[in-house]
Amino acid sequence: MTRYSLHEIFVVDQYSSDNWEKEPHNHNYFEIIFIENGRGYHTINGIKTPYHPKNIFLLAPEDTHHFEVLQPSTFTYFKFTELLFSSKVNLPDRKYWLQRIEQLLHHPNIIPGDVICKEDDRAIVWDIHDLVLKEFENEKIYYQEIISNAISTILSLIVRNISEKHNYEGDSKVASPSKIDQILSHIRQNVYDNERTKINFLSNKFNMSQSSISTYFRKKTGESIHQYVTKYKMKLVEYRLQHTEFTIAEIAYQLGYTDESHLTKTFKKYFNMSPKQYRDEVSTSSVND
């Protein structure tokens, strides 16, 4: 089986210019972009926001972006793909990396612009940025493990800030999220833990009776809590079948199913085929493309 080194699935690029020469473009990997210095505008998916020194941007696959440089600027890019989570890569804690990525992909509050709203977290991310650059350049013993854990920490901090970003605009607080937004956010962040998405846990956390929270949730979303959790898990199963080489049994375990057959039965209800058939179909389609 082909193996991949860190340099094949994780890339560091640095770019300095007083004029952005690239056309608006998209890509098939994730990018964490650090603004080392300079000022201008960054447009992501048609939405234009200013950038300043120490800003940090996140791009997901298929995002389209470009910069408008007003003052000479230096950018550092950390780029990586789903291969980082493949069993073809000897890096630690692939499951937890994947959870961070899934939260970023499916979080409804991702917006173009600086992804960090807490300045103490910004300082931590920039310290980690410096560590990654040093390890990537020197390639000392264990550098791959150090870099992988460092990027995992950055992603976790970005997830935390995106989750809290709706409470902040610069240093000023804005309207608090609605109750249903809080419930949905909790479910998405805890979907890997069955106990924390059960009705009894939710009713205690949000100070509602089980019947009240069930009625409220169905009124706001049009489906039951169980239906929402199951559908959300199916999105994650689909993503892992497409982008990782985890076995069906491993995916079942990661998402809290009792066994592979339980996951297969549920998956068939939503996709009219087994997880194995779905993965085979995706693989065949990729080869034909």
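Structural data are supplied above this passage.
Right, let's walk through the structure included here. (Residues numbered from 1 in each chain as written. Predicted model: local features only at pLDDT ≥ 70, side-chain atom pairs only at ≥ 80, totals over all residues. Heavy atoms only, no water.)

**Structural notes on helix 3 (residues 119-138)**
Under the 1.5 Å per step criterion, the end-to-end length of helix 3 is 29 Å for 20 residues, consistent within 8% with the ideal 28 Å. All of the buried residues in helix 3 are D121, R122, V125, W126, I128, H129, V132, L133, E135 and F136. Following helix 3 by one or two positions, E139 adopts a phi angle in the positive range, close to 55 degrees. (Helix = DSSP H or I, 4+ residues; strand = E, 2+ residues; numbered from the N terminus. Expected span 1.5 Å × (residues − 1). Buried < 20%, exposed > 50% of the residue type's maximum accessible area, 1.4 Å probe, protein only.)

**Let's talk about the pairing of strand 2 (residues 30-44)**
For strand 2, the buried fraction is high: eleven of the 15 residues fall into the buried class. Bridging between strand 2 and strand 5 (residues 65-80) involves 13 bridges; their strand directions are antiparallel. Within strand 5, the residue paired with R39 across the bridge is Q71. Where strand 2 and strand 4 (residues 56-59) come together, four bridges link them in antiparallel fashion. From the neighbouring strand, E31 faces strand 4, where its bridge partner is L59. Pairing between strand 2 and strand 3 (residues 47-51): five bridges, direction antiparallel. Across the sheet, G40 pairs through a bridge with Y51, a residue of strand 3. Hairpin connection of strand 2 to strand 3: two residues between the antiparallel strands, including N45 at a positive phi of 50 degrees. (Pairing = 2+ DSSP bridges.)

**Digging into the nonpolar core**
Ranked by size, the top nonpolar core spans 48 residues in total, and within it F10, I32, F78, I151 and I154 carry the most contacts. Among all residues touching I32, those that are not within four sequence positions of it are I56, F57, L58, T76, Y77, F78, F80, I154, L155 and I158. (Core = buried A, V, L, I, M, F, W, Y, C linked by side-chain atoms within 4.5 Å. Contact = heavy atoms within 4.5 Å.)

**Quick word on the pattern of salt bridges**
Summed over the entire model, instances satisfying the criterion amount to eight salt bridges. For K48, the salt bridge is made with E68, and the minimal N-O distance between the two is 3.1 Å. Linking K48 in strand 3 with E68 in strand 5, this pair joins segments that are 20 residues apart in sequence. Note on E68: relative accessible area 35%, which makes it partly exposed. (Salt bridge = Lys/Arg side-chain N within 4 Å of Asp/Glu carboxyl O.)

**Focus on helix 8 (residues 225-243)**
In a regular helix each residue adds 1.5 Å, so 19 residues correspond to 27 Å; helix 8 covers 27 Å between its end C-alpha atoms and thus fits that length. For helix 8, the set of buried residues is I225, Y228, V229, T230, Y232, K233, M234, L236, V237, Y239, R240 and L241.

**A word on unusual backbone geometry**
A positive phi angle, close to 50 degrees, is found at N45, a residue other than glycine. Tracing the backbone shows N45 in the loop between strand 2 and strand 3. The phi angle at Y142 is positive, at roughly 70 degrees, despite the residue not being glycine. For Y142, the position within the fold is in the loop between helix 3 and helix 4 (143-164). Using a relative accessible area of 55% as the deciding quantity, one classes Y142 as exposed.

Read these as layout, nothing more, since geometry by itself doesn't imply function.
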